[in-house]
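# Per-entry structural report
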Amino acid sequence: MAKAAKLTASETDGVQYRRAKTWQIALSQMNNGSAMIFYVLVGMMSYLQNAGYGIAVAVAGLILTGTRILDGLIDPLLALVIDKVNLTFGKLRFFLLIGWAVRSLAVLMLFVWASDQGLGMGFFIVMYVIYIIGSSTNDIAGNMMGPVMTNDPRQRPVVGVWGTVYAYLVPTIFTLISTVVILPKHGNQFTVAMLSETAIVFVIASFVFQLLAVIGISGADKPENFEHLKARDEESQVAFRDMWQFLRHNAPFLRYVVAAVSDKLAQQVGAQAVVTTMLYGILLGNMQLGTIMSLISMLPSIVFAIFGARYTGRHGAKAATVVWTWVCIALAAASILLLLVIDTRTILVSLPLMIAFFGLQLGLNGSKMCVTIAGGAMRADIIDYELDRSGKYLPAVVNATYNFIDQLISSLGASITLGAVALIGYVTVMPQPTDEPNPAILWVTIILLFVIPILGWVLTLLVMPGYRLDRQGMVEVQQRIATRKAEIAAQEALVGAPLTRDEIVAEIQHHENARRSVDDGTASE
C-alpha cells in the first residue's frame, strides 16, 4: 500500500502560505555572512584607533560605547524610512546594496585611505558614524528578508538555521584568514599595513556574499509582498505614530521583548572574555580549552538548530520557546550542581567527569540555539500579527524597535560582569589564567555563566502564558490577513470608480471595529 503524501502547511491550515525555495533562503541569508565579515573587522577597531589615529585605549573604549548607543537611536529612524519607501524595482535589494556600499566606503576610508594620515579622533568618529548608518541600513533590510520570503510556519524557522550557519562559520573562517594568513606577513603585529590589507580582503569577500544575497531575495522582493491592509493610499502611509501605536497595543511584542532581551543580556554577560578566563583558565586549569570548545561546539549547535527548526515548525514558536527554555534551565542547574560537588581541577583528569561536564555544556549550547531559532520565528509572527492588528506591514519598524531595546539592555552585559569581578577583589587588575582557584571565583563564575541565564529563562516562562500567538493563533492571523487581502483585491477589481462617501464611512467603521476587537483581546492579556 502506497504511503500517503504528507500534507503541506497550506493544506493543513487552510491558508495559502507564501513560500520560498531552499536555495533562495540559503542565498538570501548570505547577507548575514556579509555582516559577520564586517563584525570580525570591527573587532580590530581598537587596534586601528591606536595605530592609525593615535587615540588612547581608554578613550577608544568610550567612543565605541557611545557609538553603540547612537546605533540604537538611529535604527528606529531608518526603519520608518525603509517601511515608508515603496520601490517597484526591489525595495530590499536597494537598501541592502546602499547599506553595504556606505558601510564599505566608510571601512575603506578608515582602514585604508585615511589611516596614519594624522587626521585624528574627530575624523575617526565622523567616519565611524557613517559606518553605523550604512551598517544599520543593511542590517534592517537583512532582517526583513525572512518575513517577506515566507509566512509558512514550517519554513520560517529554516531561515534562522541558514542564518545560524553563516553566523558560526563566517567569523571563524575570516578570523583564521586575518590571524593565520595576513597577520604573519606583517610580523604578527596589528600594524596599519596589516589592518589595511585585511580591510581590502574582507570588503571584497563581503561583496561576493552581498551579491549572492541579492540574488536570493530577488524572487520575493516585490511590491505586493509589502502591501498594507488598507484600501486607500492615505491610510497606508507609515508615520512615527505607527511605531508608538505598535509599542502601545502589540502585547505579544512586549512579551517577546522581555523573553528575548533577558536571554540576550545573560548571553552577553557569559560571553565576556573574563568569564572564559575564570572557567577554563583558573577553575579547570587549561585556558586554551575554551577556544577549542567553541570550535568543537559549532557542529552540534548547527545540528540542534536544524532539529529546533523542525520542532518550531511543527509546534509553533511559543511552544518551542517554552520547551527548550525548560531544557536550558535543567542543564544549567545540573552544571551548577556538578561544579559545586567536585574539585573543578579534577574535571580534565577524570574521563567520566570530563564527559559529564562537556556533555552538559554542549547540550546547553544546543538548547540555547533552539531557543534562538524559535525567537526568530516568533519575531516574524509578530510582524504578521501587527499587519492583522493595524492593517500596516511594518517589518523594519518591528525589527528596529526590538534592536533598539536589545542594544540598550544588552550593553549592560560588560558592566555587570566587570562589576561582579570587582566584588571579589579584581579592581585594578583582571583575572589571569595563572591565578589560583578559590570559592569566590567559583561562585562568581557560576553566577555569571549559569544563575543569571536561569533568571532570564524564568522571566521567559513567566511571560509566555500570556503570549497569544501560538500555532493555532497564527493560523487564525494568517486567515484574517488572507481574507482582507481578497476583499481589497475584489474591491479594486470593480469598475474602478472612486468610493462613495457612504462606502468610505462604512469602510473606516469596519476597520475601526476590527482594530478595537484585536486591541480588546490584547488588553485582556
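Up top you'll find the structure we're talking about.
Reading the values: rules and limits
- Residues numbered from 1 in each chain as written.
- Predicted model: local features only at pLDDT ≥ 70, side-chain atom pairs only at ≥ 80, totals over all residues.
- Heavy atoms only, no water.
- Helix = DSSP H or I, 4+ residues; strand = E, 2+ residues; numbered from the N terminus.
- Buried < 20%, exposed > 50% of the residue type's maximum accessible area, 1.4 Å probe, protein only.
- Contact = heavy atoms within 4.5 Å.
- Areas by Shrake-Rupley, 256 points an atom, 1.4 Å probe, with all protein chains shown as cover.
- Phe/Tyr/Trp six-rings, centres within 6.5 Å; stacked < 30°, edge-to-face > 60°.
- Axes fitted to C-alpha atoms, helices over the stretch in contact; angles between N-to-C directions.
- Parallel < 35°, antiparallel > 145°, perpendicular 65-115°, else oblique.
- Left-handed = near helix turned anticlockwise from the far one by under 90°.
- Arc of directions from axis to C-beta.
- Salt bridge = Lys/Arg side-chain N within 4 Å of Asp/Glu carboxyl O.
- Expected span 1.5 Å × (residues − 1).
- Patch = residues over 30% accessible without salt bridge, like charges linked within 9 Å, V, L, I, M, F, W, Y side chains within 5 Å.
- Lys, Arg positive; Asp, Glu negative; His and termini not counted.
- Charge placed at Lys NZ, Arg CZ, Asp CG, Glu CD.

Assigned secondary structure in the protein chain consists of 21 helices and zero strands. Scored against the burial criterion, the 525 residues of the protein chain give a buried share of 52%. Pairs at least 24 apart in sequence give 85% of the contacts found in the protein chain among residues at least 6 apart. When the accessible area of the protein chain is evaluated, it comes to approximately 23,800 Å², of which 67% is carbon and sulfur surface.

Next up on the list: the packing of aromatic side chains. Tallied over the entire structure, the rule returns 16 aromatic pairs. Taken together, a centroid distance of 6.3 Å and an interplanar angle of 75 degrees make the contact between F89 and F94 edge-to-face. Judged by centre distance (5.7 Å) and plane angle (15 degrees), the rings of Y128 and Y131 are stacked. Of this pair, Y128 and Y131 both sit in helix 7 (residues 120-149), separated by three residues, roughly a single helical turn. The residues Y128 and Y131 share a single accessibility class, namely buried. Taken together, the aromatic side chains of F38, F124, Y128 and Y131 make up a single cluster linked through ring pairs.

On to the packing of helix 3 (residues 30-42) against helix 6 (residues 91-113), then. The interhelical angle for the contact between helix 3 and helix 6, taken along N-to-C directions, is 20 degrees, at an axis separation of 12 Å. Considering their axes alone, helix 3 and helix 6 lie roughly parallel with respect to each other. In this structure, the crossing between helix 3 and helix 6 has a hand that is left-handed. Here N31, S34, A35, F38 and L41 of helix 3 come into contact with helix 6, specifically with L96, W100, R103, S104, V107 and F111.

Regarding helix 10 (residues 240-249), the residues found buried are D242, M243, F246 and H249. Projected down its long axis, helix 10 shows its buried positions confined to an angular sector of 150 degrees, all on one face. Opposite the buried face of helix 10, at more than 90 degrees from it, the exposed residues are F240, R241 and W244.

Moving on, we get to the pattern of salt bridges. Tallied over the full model, the rule gives twelve salt bridges. Close ionic contact of D139 with R103 constitutes a salt bridge, the shortest N to O distance being 3.7 Å. Remark: R103 occurs in helix 6 and D139 occurs in helix 7; sequence separation between them is 36 residues. Overall, R103 belongs to the buried group, its relative accessible area being 1%. Here K392 ties to D242 by a salt bridge, and the two come within 3.0 Å at their closest N and O atoms. Here K392, found in the loop between helix 16 (351-390) and helix 17 (395-410), pairs with D242, found in helix 10; they are 150 residues apart in sequence, far enough to count as distant. Take D242: its relative accessible area is 11%, and that puts it in the buried class. Through salt bridges with shared partners, one network takes in R156, D381 and D384.

Compared with the 58 Å implied by 1.5 Å per residue over 40 residues, the 58 Å span of helix 16 between its first and last C-alpha is a close match. Of all 40 residues making up helix 16, 28 are buried, and the element is well covered by its neighbours. Two residues or fewer past helix 16, G391 is found with a positive phi of approximately 85 degrees.

Let us now look at a positive patch on the surface. Residues K6, R154, R310 and R314 make up a contiguous surface patch of positive charge. Here R310 is to be found in helix 14 (residues 298-315). Residue classification places R310 among the exposed positions, given a relative accessible area of 59%.

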